[in-house]
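Commentary on secondary and tertiary structure
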Amino acid sequence: AFDEWTVLGSYTWGIAWGSQSSDQATGNLDIPEQRPLEVGYLDYDRRHAIKLAGNWVKDDLIRTGKLGSGFVFGWNYQSLSGTPYRPAVFNNYFGSYSNYGTPGDQVDRLPWIHSIDLRTAMHFDYDERANWTVGIDMFNVLNSRQVTSVNSSFDPAAVGADQTYGEALDRQNRRRLQLMLRGAF
């Protein structure tokens, strides 16, 4: 029957432009000349987010007297556009890599991130007094390992292997399995 299926979806478009959002953001107001290229795309500027999810539920797969069981299969797909990054050069006043070395509209972007998650579960009930569910979830089914964070520190004096700007700092989590056992009585 059609009522056993559920499908949800969403698309979000956004833009985040402004001055840096960090713990040192008030420094921009105190000494604005310390950060001449501050305004631009913010670190969390994610232009596109596509999310789809669905499940199929069969509540009365087996029913014998007071004992019953059912089945659930669910899925989740998420696709997110990459966030921006640009070179941060050393600021002698703050003593850290906190100044941007390029204007805010000249940024690099991380790659898109795609993820598919699956769930399957069986639930059992006894005369509405006891419910048990046993299942398995698999996250990041395709084991996608896209870069999610890079080093934005840029040292103009560094050359070759000494230059670490743009090197991967973090990636998507590896494929994971999660077993589930839930009871209510």
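In this report, we go over the structure that sits alongside the text. Nothing here was measured: the structure is a model prediction, and the numbers come from that model.

This part is about the pattern of salt bridges. Here the structure, examined in full by the defined rule, presents six salt bridges. Among the salt bridges present, the one from E4 reaches K58, with a minimum N-O distance of 3.5 Å. Separated by 54 residues along the polypeptide, E4 in the segment before β1 (5-13) and K58 in strand β4 (residues 48-64) bring together distant segments of the chain. For E4, a relative accessible area of 18% gives the class buried. The class of K58 is partly exposed, set by a relative accessible area of 27%. Here D127 ties to K66 by a salt bridge, and the two come within 3.9 Å at their closest N and O atoms. With D127 in the loop between β10 (113-126) and β11 (130-139) and K66 in the loop between β4 and β5 (67-80), this residue pair connects regions lying 61 residues apart in the sequence. On the basis of relative accessible area, D127 is assigned to the partly exposed category, the value being 32%. On the basis of relative accessibility, which here comes to 44%, the residue K66 falls in the partly exposed class. Taken together, the salt bridges that share partners define one network made up of D45, R47 and R109.

In this model, N140 sits at a positive phi of 55°, which is unusual for a non-glycine residue. Within the secondary structure layout, N140 lies in the loop between β11 and β12 (147-150). Looking at N140, the relative accessible area reads 5%, which means it is buried. Positioned with a positive phi, N143 is a non-glycine residue whose angle comes to about 55°. Residue classification places N143 among the partly exposed residues on the basis of a relative accessible area of 27%.

Counting residues in each nonpolar core, the largest one holds five residues, listed as Y85, L110, V147, V150 and Y165. Leave out the neighbours within four places in its chain, and V150 touches Y85, L110, G166, E167, A168 and L169.

A few words on the side chain of D137. Within the secondary structure, D137 is located in strand β11. Overall, the relative accessible area of 4% leaves D137 in the buried class. A polar side-chain atom of D137 sits 2.6 Å from a polar atom in the side chain of R119. Discounting residues that sit within four places of it in the chain, D137 has contacts with L118, R119, R176, L177 and Q178.

With that settled, consider the side chain of S81. Looking at the secondary structure, you find S81 in the loop between β5 and β6 (84-85). Residue S81 is classed as buried on the basis of its relative accessible area, which comes to 4%. For S81, the side chain forms a polar contact with the main-chain nitrogen of R47, separated by 3.1 Å. Apart from residues lying up to four places away in sequence, S81 is in contact with R46, R47, H48 and W112.

Cut-off values and rules
Residues numbered from 1 in each chain as written. Predicted model: local features only at pLDDT ≥ 70, side-chain atom pairs only at ≥ 80, totals over all residues. Heavy atoms only, no water. Salt bridge = Lys/Arg side-chain N within 4 Å of Asp/Glu carboxyl O. Helix = DSSP H or I, 4+ residues; strand = E, 2+ residues; numbered from the N terminus. Buried < 20%, exposed > 50% of the residue type's maximum accessible area, 1.4 Å probe, protein only. Core = buried A, V, L, I, M, F, W, Y, C linked by side-chain atoms within 4.5 Å. Contact = heavy atoms within 4.5 Å. Polar contact = N/O pair within 3.5 Å; in protein donor to acceptor, adjacent residues only side chain to side chain.

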